[in-house]
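# Fold and geometry: a report
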Amino acid sequence: MGRRLVSSELLRSVMVFRGLETEVLEAFLTEIKKEGRLKDSVMVRLQELVENRSITKTKLMDLIEENAKSQDKAP
Amino acid sequence: MQSPKIKRLSINYFRGIPALELDLGGKSLLLKGGNGTGKSSVIEAVEFFFTGNISHLEHRQGISLHRHGPHVSAKPNQMEVKIAFDPGDIELKRRIGSRPAPPNQLASLFAEAGTRAFILRRSQLLEFVESDPGGRFVAIGNIMGVGRLDAMELELMRTRDETKGLADSDQNQLDDSFQQLTSLLGDQAQTVEEAIRSLSKKATSYGYPPLRSFKEIDKYAKEIFKTVKKKVELKDQATKLKELISLAELPALTDDESQDLQKVSERINSVVQRNANAKVVMREFLEHGKKIIQASADTACPFCGQQIDRDDLLPTIEKRIDMAIQSTNDASSVRTDSIGVARALEALRARLSAILDIAREIEELGEQTSVLTKQSRAVSEFIEGFSQAGEFLRTIDVTEFADERVSIQETLEAIGKEARVTFEKIGLSEAEERAVEFVQLLGAVENKVDEIFDLDEELGVHKNHLATADLLYKIFSNIKKKQIQATYNLLEGDIQKYFSKLHPQEAARNVRLQVAFSRRASTKLSVDSYGRSAQDPRAFESEGHLDSLGICIFLAFVKKFVENCPLVILDDVITTIDAGHRQKLAEVLLEDFADKQLIVTTHDEIWFDEFRAIEKAYRLEGDFKNMEIVDWDLDSGPRIRGYIPRRESIENKLKDGDRNGAANDARRYLEWILESACWALEVPVILRRDSRYGIGDLLPSVRKRVSGMLRGSGYEEKFEFAFTELDKTVVLANILSHRDLSNVSAEEVSSFVLAVVRLNEMFSCPDCECFVSYIRELEIVRCPNSKCKNPMEIRLHR
């Protein structure tokens, strides 16, 4: 388990093949936006997380809770 | 713009090479050498230059780049690989701890080459074809660079799992609460409406008016309470005692909850134990790394040689290891299941607290209250421990808690018993007692209904979270898989094209790579084989076919994803592939990868010669450096020289007076011709148990086959003449009678060489020198080289 992690994620900087990665991430954001489930402010935060490649469970949970709260506040 | 290529490769104190300079001049390299002569060291030097590491030395206990990268006589800081690129004659070097700084025009080359995706070794072939779908996904994903997408998908999945766990737990609790409500009312109560109807029915049975809504329950209870004539404080005490009796009647934990606790704890302990083991190994690993960094005051990673931020490296590795452990499927499911158990424990703590609140006001319960206070504290401590264990920070021992649970149960029974005695002392009439009992029931039902409303609200929130998390995960996962599948679809044509070139007119067709949509990271590989569609190739194909399929997958992906790196390296990958297919592989490389700078190593003399012949046939011999490693020793490393044709090499030996060496080389030359003829003309040979065939085994079979095959074609006599000339030589006679070759004269060796060369010419196309091949379907013997301008062709007469 550690073996794979060290080789593929930590020690090797994957800076190339941005084509496929970028395509997937852009399509993901477009599709999520189209679904309309996320409020604008939450969508902006998700976009930041995706662009910075810094998605973590904790950050996603915060984002989802914030989205639910803003849904409550919606008229 | 001309793509950059390697002009010169200089290797110093690297692996088995003390010093070596290869002047490639931007040409491809075909390198022949026996086992242990340093072929792979040359490839590893190129790998080290671009990646800062050597994959053979990675992740192997007790082996490291620092210790095993440098030549045995050198220190790590002496190890150096320099590469000069053309155009521009830009020379860059890599050492342990210092990486090359490529100028802008080489940046994209370095970025792609840094992933190591341009090198194929035999061990990797297995990952493409023979590994399980998960392993295959990782192997192909490494070329495609989907590692970061995988990491993101994993985080999205974990978020979905957590929200699902919370929503599932809410739903279970809600179901339990309705069950408890049903039990309190003694009648069906699966909805709030049903509960109000049951409660009204109950009221009627007690002789009270029906209740219309839960909103008026307080007022309604007060009215009933007025029927009790006792003093107010006694009435209050009676009600509290009734509530206490009711609370104490419930078990400390239900049997189901207790079993769930036991099961979840065992699974937590298993994950924690693995976590601990991994941490011990990792701690040793890190400590070792720290010592190296401190001792050398180097800013290079001790594991890979890359430049690193020293303060950042160790905590990052520790964090990543924790993350890897947390993200296993097992941990994910334990996390989800432990939410329900944690809630059951919290409910117990809340109930004990409620019991203590009442019991502290009742003097008669002083002793039990004191015991239960301690027990309640123990429950809180256990919950704290369970919470930490749920994060896999420690193990949890449920044995002690099981004993505690029995003690709590005993205390609750004692409290219930004492509360009943105290209640009886108040001396209520039967009607009053029923009124208190009913008021207490109203209170319990009201609490339960409040709990249900709260849970229902929480469930709504968690379902909302789950819907969002599920949507994020599913959309991401589907898009990722679709894009990868689209890439696979795009490449299937190339894979099939290469595979068909290697295996024309063979059974396996329709090579398909398919993302397994039901799994997170998995790739299925299938072929149509022997009339059956979509078969796992491992089911029907030979080892050689599987290896060549792996090569085709690699080549197709390299073609697509390694666009900016001009290098394609094949390090001794044709071990299990037979002669005919090897020849076709050389054709694929020269037809479809002519724009690349190929570095191909082999220990196989036959393939080396075939490859050279095909270079010539494709008029590409000027684009290649054909070299051979003739010798290796520890102090000098590999001795590499440009390839000298066999005949010339043998004649040189004769000129130098090395008769024995020349005779042996000529013998090996004849063996090679006969082996090639066996493959190319489908010559039946007698099976040998040890699979070792000498000239004595092959020559009669080849001669018989050629004679029979070519009868009436006009070539029969020419071949027979060549065989007869060979027969006349003393050297052949000595070989066949296993006599020593050291006593033969130079003239005898010379005539043997001439006979062998003539025989080779008979089997070679006069135009391109490719070894001819029998095509059964057309009943011809023909030059197999599709690029040959004037291919030799012999029509067979049957």
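Residues numbered from 1 in each chain as written. Chains lettered and ligands numbered in written order. Predicted model: local features only at pLDDT ≥ 70, side-chain atom pairs only at ≥ 80, totals over all residues.

A few words on the sheet that holds strand 15 (residues 780-782) of chain B. Residues and elements named next belong to chain B. An order of 14-15-16 is seen for the three strands of this open sheet, with the pairing classed as antiparallel. Pairing within the sheet leaves two strands with one partner each, and these edge strands are strand 14 (773-775) and strand 16 (793-795). Sheet twist, expressed as the average angle between the axes of neighbouring strands with direction ignored, equals 20°. Pairing analysis gives three bridges linking strand 14 to strand 15, with the strands arranged antiparallel. Across the sheet, Tyr774 pairs through a bridge with Val781, a residue of strand 15. (Pairing = 2+ DSSP bridges. Helix = DSSP H or I, 4+ residues; strand = E, 2+ residues; numbered from the N terminus. Axes fitted to C-alpha atoms, helices over the stretch in contact; angles between N-to-C directions.)

Along any regular strand the residues' side chains alternate between the sheet's two faces. Residue and element names in this part refer to chain B. Two elements, strand 12 (residues 624-633) and strand 13 (residues 637-642), share six bridges in a ladder whose sense is antiparallel. Across the sheet, residue Glu628 finds its bridge partner in strand 13, namely Arg641. In textbook terms, the turn of a hairpin is the stretch between consecutive antiparallel strands, and for strand 12 and strand 13 this stretch comprises three residues.

Once that is clear, we can look at the sheet that holds strand 2 (residues 17-23) of chain B. Residue and element names in this part refer to chain B. If you trace the four strands from one edge of the open sheet to the other, you get 2-1-4-5, paired in antiparallel fashion. A single partner strand is all that each edge strand has here, and the edge strands are strand 2 and strand 5 (90-95). Pairwise comparison of adjacent strand axes, ignoring direction, gives a mean angle of 15° for this sheet. Where strand 1 (residues 5-14) and strand 2 come together, six bridges link them in antiparallel fashion. Residue Ile11 lies in a different strand from strand 2, and its bridge partner there is Leu20. Sheet strands touched by helix 1 (residues 39-51): strand 1, strand 2, strand 4 (80-86) and strand 5. Its angle to strand 1, the strand with the most contacts, is close to 105°. (Contact = placed C-beta atoms within 7 Å.)

Our next topic: the nonpolar core. All names here are of chain B. In terms of nonpolar packing, the biggest core is built from 156 residues, with Phe118, Cys552, Ile569 and Ala666 touching the most fellow members. Looking at which element gives the most residues to this core, the answer is helix 15 (residues 430-502), with 14 residues. If you count residues domain by domain, this core takes at least three from each of domain 1 (1-118 + 567-643) and domain 3 (644-795). With residues near it in sequence (within four places) discarded, Cys552 still touches Ile495, Tyr498, Phe499 and Leu502. (Core = buried A, V, L, I, M, F, W, Y, C linked by C-beta atoms within 7 Å. Buried ≥ 20, exposed ≤ 12 C-beta atoms within 10 Å, placed from the backbone. Domains from an automatic or database assignment.)

Helices that pack against each other are described as a pair by the angle of their axes relative to one another and the distance between those axes. All names here are of chain B. Interaxial distance between helix 20 (residues 646-655) and helix 25 (residues 746-763) falls to 11 Å at its minimum, and their mutual angle equals 175°. Between helix 20 and helix 25, the angle is such that the two are roughly antiparallel. When helix 20 is examined against helix 25, the residues Arg647, Ile650 and Leu654 are found in contact with a partner set consisting of Ala746, Val749, Ser750, Val753 and Val757. Of the residues belonging to the contact of helix 20 with helix 25, the class tally is six nonpolar, one polar and one charged. (Parallel < 35°, antiparallel > 145°, perpendicular 65-115°, else oblique. Nonpolar A, V, L, I, M, F, W, Y, C, P; charged D, E, K, R; others polar.)

With that settled, consider helix 22 (residues 695-709) of chain B. For an α-helix, the turn length of 3.6 residues means that residues three or four places apart are oriented alike. All names here are of chain B. With 15 residues, helix 22 should reach 21 Å at 1.5 Å per residue; the first-to-last C-alpha distance of 20 Å fits that figure. Within helix 22 the residues assigned to the buried category are Leu698, Leu699, Val702, Arg703, Val706 and Met709. The arc that holds every buried residue of helix 22, seen down its axis, measures 145°, which confines them to one face. Turned more than 90 degrees away from the buried face of helix 22, the exposed residues are Gly696, Lys704 and Gly708. Buried residues along helix 22 sit against helix 21 (659-680) and helix 23 (716-727). (Expected span 1.5 Å × (residues − 1). Arc of directions from axis to C-beta.)

Residue and element names in this part refer to chain B. Geometrically, the link from Asp86 to Pro87 is a cis peptide bond, its omega value of 0° lying close to zero. Structurally, Pro87 is set in the loop between strand 4 and strand 5. Phi is positive for Tyr13, which is not a glycine, with a value near 50°. Looking at where Tyr13 falls in the secondary structure, it is placed in strand 1. Using a count of 22 C-beta atoms within 10 Å as the deciding quantity, one classes Tyr13 as buried. Backbone geometry at Glu779 places phi at a positive 55°, although glycine is not the residue there.

Residues and elements named next belong to chain B. Where helix 21 contacts helix 22, the axes come no closer than 10 Å and their chain directions differ by 45°. Compared by their axis directions, helix 21 and helix 22 come out oblique. Crossing geometry of helix 21 relative to helix 22 is assigned as left-handed. In this structure, helix 21 contributes Arg667, Leu670, Glu671, Leu674, Glu675, Ala677 and Cys678 to the contact, and helix 22 contributes Ile695, Leu698, Leu699 and Val702. Its residues placed into classes, the contact of helix 21 with helix 22 shows eight nonpolar, no polar and three charged. (Left-handed = near helix turned anticlockwise from the far one by under 90°.)

Residues and elements named next belong to chain B. Locating Gln375 in the fold gives a position in helix 13 (residues 366-390). Using a count of 21 C-beta atoms within 10 Å as the deciding quantity, one classes Gln375 as buried. Spatially, the C-alpha atoms of Gln375 and Leu352 are 8.9 Å apart, while their sequence positions differ by 23 residues. Apart from the residues lying within four places of it in its own chain, the contact partners of Gln375 are Glu404, Ser407, Ile408 and Thr411.

All names here are of chain B. Structurally, the position occupied by Lys374 is in helix 13. Among the residues examined, Lys374 registers 12 C-beta atoms within 10 Å and is labelled exposed. Considered as a pair, Lys374 and Ile408 are 34 residues apart in the sequence and their alpha carbons are 9.9 Å apart.

Moving on, we come to the confidence of the model for chain A. Residue and element names in this part refer to chain A. With 67% of its residues at a pLDDT of 70 or more, chain A shows a mean pLDDT of 74. Across chain A, the element-wise mean pLDDT spans from 31 in helix 1 (residues 2-10) up to 92 in helix 3 (residues 40-51). Taken together, the stretch residues 1-18 has pLDDT below 50 and engages in 41 contacts with residues farther than four places along the chain or on a different chain. (pLDDT = per-residue confidence, 0-100.)

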